[in-house]
Amino acid sequence: MKKIVLLALALVVGMTAANAQFGNLIRKAAQKTAEKAVDKAVDRATEEADKAVDRELDKVFTPQEENTKSTKNNSTPQAEEENPTYESIMRQALEMPTVQQLINHKGYELNEQSFKLITSPVTRYVTNISMLSLQMASLSYSNVDSAQAVETAYDMASRYSGLSRQEIEKLQTMSEAEQEAYLKAHYSEGRAEAAILNDAADAAKYLEPLQPTIDRWNEVGERADRIIADAEEKCNSVYSKYSDRIASATGKDKNELILKYYSEVCPIKREAALESMRIRVDEQLPIAEELEREMVKIRAKHKDYIAHLLNYPMLTATQCLSATSFLTDIPTGE
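Quick notes on the rules
- Residues numbered from 1 in each chain as written.
- Predicted model: local features only at pLDDT ≥ 70, side-chain atom pairs only at ≥ 80, totals over all residues.
- Heavy atoms only, no water.
- Core = buried A, V, L, I, M, F, W, Y, C linked by side-chain atoms within 4.5 Å.
- Buried < 20%, exposed > 50% of the residue type's maximum accessible area, 1.4 Å probe, protein only.
- Helix = DSSP H or I, 4+ residues; strand = E, 2+ residues; numbered from the N terminus.
- Contact = heavy atoms within 4.5 Å.
- Salt bridge = Lys/Arg side-chain N within 4 Å of Asp/Glu carboxyl O.
- Axes fitted to C-alpha atoms, helices over the stretch in contact; angles between N-to-C directions.
- Parallel < 35°, antiparallel > 145°, perpendicular 65-115°, else oblique.
- Left-handed = near helix turned anticlockwise from the far one by under 90°.

## Some details on the nonpolar core
Membership of the largest hydrophobic core comes to 59 residues, with the highest contact counts inside it found for Y261, M277 and Y312. Elements with a contribution of two residues or more to this core: α4 (86-93), α5 (99-110), α7 (121-139), α11 (191-207), α12 (211-239), α14 (251-301) and α16 (312-322). Residue contributions to this core peak at 18 residues, all from α14. Those residues in contact with Y312, other than ones at most four positions away along the chain, are I214, W217, A288, L291, E292 and M295. Of all hydrophobic cores here, the second largest spans five residues; its members include I168, L171, M174 and L183.

Quick look at the structure:
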């Protein structure tokens, strides 16, 4: 019963966030394949232009210390490649800036040094992580044609909302406020929750043979999470030495204290993020791919929201890339 409730809860959360955008979801699903070829050409051209601009900006603005410290192992990743995979995306994210580059970037940010900030290797790294995230999200739809995407979207929307196709199409003509009001009244009837619970119960049954493998995937993920959590504790311990002074300081003095704190914890943050991400790609992803081979078979038999949602390689890659935010996060006492 616990597994069923957890699966249902995941669906309710996901649906709540998407309710007001049902119309957009259907429209975007239908457009995705048609836009794919154009997007790829535009992205390729943009990439080449960005490379040229970066080369010129680096010559003019990037401090010499950062140019000389960049190496093959810490260079900015290129987000575009011909045939990206979850593994290749994750490994590109491992090519993170050095500790000194991260500290310099934080200083540029605190002191509003715009030119140095926009040409910083850290800025380019963060931008590339965003691009990698978009690539990653698109992988699960790479083999779906537009007609199939539309039918799947309508089927799932109807099944889990209790709305007919005609009602869903009507939603597309409404404003966001009208959609919210319409769906709020509809969901008060409880039909969506009942449908979710029923499918969650079914999902628990067809996922049962995979549970030992899912448990292994979770165990590795928990180990990666603990590395970040332990690093956060170390950083909080260091922050306790600065917190009162940071809270009471203003202007330049405050920025200097924050940068001093960040300089002390940056090596801890970078090492933890890198170790956690390596565990994801080297240990958790192979298990995720093992699960995905079985999920392909399950989706062929169970065309429901849960089977579509449980893309373990994508979940693994998402968690891997999310660790990069730990590199620049910093408490300010505010």
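## So, the pattern of salt bridges
Summed over all chains, the structure comprises eight salt bridges. Of the charged contacts in the structure, one is a salt bridge between E109 and K106, with a shortest N-O distance of 3.3 Å. Here E109 and its partner K106 are both found in helix α5, three residues apart, which amounts to about one turn of the helix. With a relative accessible area of 38%, E109 lands in the partly exposed category. A cluster of three or more residues bridged by salt bridges with shared partners is formed by E87, R91 and D282.

## Notes on the environment of E95
Here E95 shows up in the loop between α4 and α5. Between the C-alpha atom of E95 and that of L274, which follows or precedes it by 179 residues, the distance is 9.0 Å.

## Thoughts on the packing of α4 against α14
How two helices pack is summed up by the angle between their axes together with the distance between the axes. Contact geometry of α4 with α14 gives a least axis separation of 9 Å together with a crossing angle of 160°. By the angle class used here, α4 and α14 are roughly antiparallel. The chirality of how α4 crosses α14 is left-handed. The segment α4 lies against α14, with Y86, E87, M90, R91 and A93 engaging M277, R280, V281, D282 and L285.

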